[in-house]
Amino acid sequence: MVSLPGLPASSLLQVLFLGLSTFAPASCAQFQLHVPSGLDRVLAVEGDEVVLPAWYTFQGEAASAQPWETLTLMWFLEQEGQDLKQVLAHINGATTSQDGVSLVYPRPSRNVSLRLQGLREKDSGSYRCSVNVQDKQGTSRGHDSKTLKLDVWVPPAPPSCHLLGAPRVGTNVTLSCKSPRSKPAALYQWERLQPSVEVFFAPVLDAISGLLSLRNLSSSMSGVYICKASNRVGSASCNVTLEVSTGPGAAVVAGAVVGTLVGLGLLAGLVLLYQRQGKVPEEVANDIKEDATAPRTLPWPKGSDTISKNGTLSSVTSSPALRPPHGPSRLGASTPTRSLGWVSPSALSRKGAVPVMVPAQNQAGSLV
């Protein structure tokens, strides 16, 4: 049972009876509910309005409604996967309906056609009309139901055009065209208007997907390309400008730039390596090893060959450790120096010698 908002509780029994009658054959032979012959499907466009025609008759009686008739009328919408939906009800002279839904003719009338305004795609479905007629005493004079299918179509929404690929001479590109909404699905047609008109067909054009394939581009293929999306209830279009370039592509330029940068990097690396190898011998020569052993100091010989601690030259022995090296002297003298023996101070004075203060050195080699 379908609840009817705004109706008195006493009418629910009539609704229950009407619901049962929609699934049963007509109880009275003279009563019949009509729809146009051969009309089982009504096509409409989104945004428009549509009328679903229906009327009832009594055989052998006038076509107009009679004063004794009490009409109970309901329209339902059936959609796949959804519950039965009531869109209009007329019971005991009162009519309730959803927004945009109404009866074409006012009561009393035997024409029970339904008007739908401001159609939307979701209004598509099967509309069932159920009619039950009683007399003043509440006796049923007839009941029947008919179904009409409504299909709301949608014109194509404005499509989007795109260029896929790099348009250079000798390359291939694809022009795409797609409408986001269309019922039934749109078919696509591409044509070029400038500089000369050209219409494209299969196999370069896929009319279902809207893809246009242009191969082996040339400069003469440049121009404005227009795509038209259309179905049985409307059309929409978009365009894209194709400019075929003869210069190197972006990939070639990018490759050249990358190659140049890599070459410069390698050159800089070689220069740095060369400079580093040139500095290695100099760094090794100037490097002072912290763990090198200090040179060994020769011990002073014990004996008379000593220098007095009071800073005067007392005696010089002929020890090999104190002998000057053989060969020319530092001043270029050619005669070797003879070994010195003991010379008294008076003898040195007679020869013009001058006493010299010489610092004393201990056995460890340090000056004192």
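This text follows the structure it describes.
Here the structure is a predicted model, which means the values were calculated and not measured.

Here is what the cut-offs are and how they apply
- Residues numbered from 1 in each chain as written.
- Predicted model: local features only at pLDDT ≥ 70, side-chain atom pairs only at ≥ 80, totals over all residues.
- Heavy atoms only, no water.
- Helix = DSSP H or I, 4+ residues; strand = E, 2+ residues; numbered from the N terminus.
- Polar contact = N/O pair within 3.5 Å; in protein donor to acceptor, adjacent residues only side chain to side chain.
- Contact = heavy atoms within 4.5 Å.
- Disulfide = S-S within 2.5 Å.
- Phe/Tyr/Trp six-rings, centres within 6.5 Å; stacked < 30°, edge-to-face > 60°.
- Buried < 20%, exposed > 50% of the residue type's maximum accessible area, 1.4 Å probe, protein only.
- Lys NZ or Arg CZ within 6 Å of the ring centre and 35° of its normal.
- Pairing = 2+ DSSP bridges.
- Axes fitted to C-alpha atoms, helices over the stretch in contact; angles between N-to-C directions.
- Salt bridge = Lys/Arg side-chain N within 4 Å of Asp/Glu carboxyl O.

Re the side chain of Ser179
Consideration 1: Position of Ser179 relative to the elements: it lies in the loop between strand 13 (173–178) and strand 14 (187–194).
Consideration 2: A polar contact is formed between the side chain of Ser179 and the backbone oxygen of Ala157, at a distance of 2.7 Å.
Consideration 3: A distance of 3.2 Å separates the side chain of Ser179 from the backbone oxygen of Arg181, its partner in a polar contact.
Consideration 4: Setting aside chain neighbours within four positions, we find Ser179 in contact with Pro156, Ala157, Pro159, Tyr188 and Ala229.

Some thoughts on the state of the cysteines
The bond known as a disulfide is covalent and runs between the sulfur atoms of two cysteines.
Consideration 1: According to the stated counting rule, one finds two disulfides in the structure shown.
Consideration 2: Put simply, Cys161 and Cys238 are joined by a disulfide, and their sulfur atoms are 1.8 Å apart. The S-S bond linking Cys161 to Cys238 shows a torsion near 75 degrees; that makes this disulfide right-handed. Residue Cys161 is located in strand 12 (residues 160–164), and its partner Cys238 is located in strand 19 (residues 234–242); the two are separated by 77 residues in the primary sequence.

Notes on the environment of Leu119
Consideration 1: With respect to the secondary-structure elements, Leu119 resides in the loop between strand 9 (114–116) and strand 10 (125–134).
Consideration 2: Distance in space between the C-alpha atoms of Leu119 and Glu49 is 6.0 Å, their sequence separation being 70 residues.
Consideration 3: Every residue in contact with Leu119, bar those within four places of it in the chain, is listed here: Ala44, Val45, Glu46, Gly47, Asp48, Glu49, Val50, Leu150 and Val152.

Digging into the packing of aromatic side chains
Consideration 1: For the structure on display, the rule yields five aromatic pairs.
Consideration 2: An angle of 65 degrees between the planes, with centres 5.7 Å apart, marks the rings of Phe58 and Trp68 as edge-to-face. With a gap of ten residues between them, Phe58 in strand 4 (residues 55–58) and Trp68 in the loop between strand 4 and strand 5 (70–78) connect regions that are remote in the sequence.
Consideration 3: Of the residues examined, Trp68 reaches a relative accessible area of 21% and is grouped as partly exposed.
Consideration 4: Feature note: the residues Phe31, Tyr56, Phe58 and Trp68 constitute an aromatic cluster, connected by ring pairs.
Consideration 5: Its end group placed over the ring of Phe58, Arg141 keeps NZ or CZ at 5.6 Å from the ring centre.

Examining the sheet that holds strand 11 (residues 140–153)
Sheet strands pair by backbone hydrogen bonding; their relative direction is either parallel or antiparallel.
Consideration 1: On the basis of which strands lie adjacent, the open sheet formed by six strands has the order 2-11-10-5-6-7 and mixed pairing. Two strands close off the open sheet at either side, each with one partner strand: strand 2 (41–45) and strand 7 (94–97). Ignoring which end each strand starts from, the neighbouring axes of this sheet average 20 degrees apart.
Consideration 2: Inspection of the sheet shows strand 2 paired to strand 11 by five bridges, in the parallel sense.

As for the pattern of salt bridges
It is possible for side chains of opposite charge to pair when their charged atoms get near one another.
Consideration 1: In total, this model carries eight salt bridges according to the counting rule given.
Consideration 2: With a shortest N-O distance of 2.6 Å, Arg41 and Asp151 are connected by a salt bridge. Here Asp151 lies in strand 11 and Arg41 lies in strand 2, a separation of 110 residues in the sequence.
Consideration 3: Asp151 gets classed as buried once you look at its relative accessible area, which sits at 12%.

A short note on the environment of Leu212
Consideration 1: Residue placement: Leu212 occurs in strand 17 (residues 211–214).
Consideration 2: Residues Leu212 and Leu175, 37 residues apart in the sequence, show an inter-C-alpha distance of 5.0 Å.
Consideration 3: Contact partners of Leu212, with chain neighbours within four places excluded, come to Val173, Thr174, Leu175, Trp190, Phe200, Val204, Leu205 and Tyr225.

What about the sheet that holds strand 16 (residues 205–206)?
Consideration 1: Taken together, four strands build an open sheet; the order of strands is 12-13-17-16 and the sheet is antiparallel. A strand with exactly one partner marks an edge of an open sheet, and here the two such strands are strand 12 and strand 16.
Consideration 2: Examined bridge by bridge, strand 12 and strand 13 share five bridges and lie antiparallel to one another. Note on strand 13: the bridge partner recorded for Leu163 is Leu175.

Thoughts on the environment of Leu33
Consideration 1: Take Leu33: it is sitting in strand 1 (residues 31–34).
Consideration 2: Under the relative-accessibility criterion, Leu33 is labelled buried at 1%.
Consideration 3: Setting aside residues no more than four positions away along its own chain, Leu33 makes contact with Trp55, Tyr56, Val112, Cys129, Val131, Asp144, Ser145 and Lys146.

Quick word on the pairing of strand 7
Consideration 1: In this structure, strand 6 (residues 85–91) lies alongside strand 7, joined through four bridges in antiparallel fashion. In the strand pairing of strand 7, Ala89 is matched with Thr96.
Consideration 2: Hairpin connection from strand 6 to strand 7: two residues lie between these consecutive antiparallel strands, with Asn92 at a positive phi of about 55 degrees.

What about unusual backbone geometry?
The phi torsion of most residues other than glycine is negative, and most of the peptide bonds are trans.
Consideration 1: With omega at -5 degrees, the peptide bond leading from Lys183 into Pro184 counts as cis.
Consideration 2: Position of Pro184 relative to the elements: it lies in the loop between strand 13 and strand 14.
Consideration 3: Residue Pro203 follows Ala202 across a cis peptide bond; omega there is 10 degrees.
Consideration 4: Relative to the assigned elements, Pro203 resides in the loop between strand 15 (198–199) and strand 16.
Consideration 5: Of note, the phi angle at Asn92 is positive, near 55 degrees, even though the residue is not glycine.
Consideration 6: Structurally, Asn92 is set in the loop between strand 6 and strand 7.

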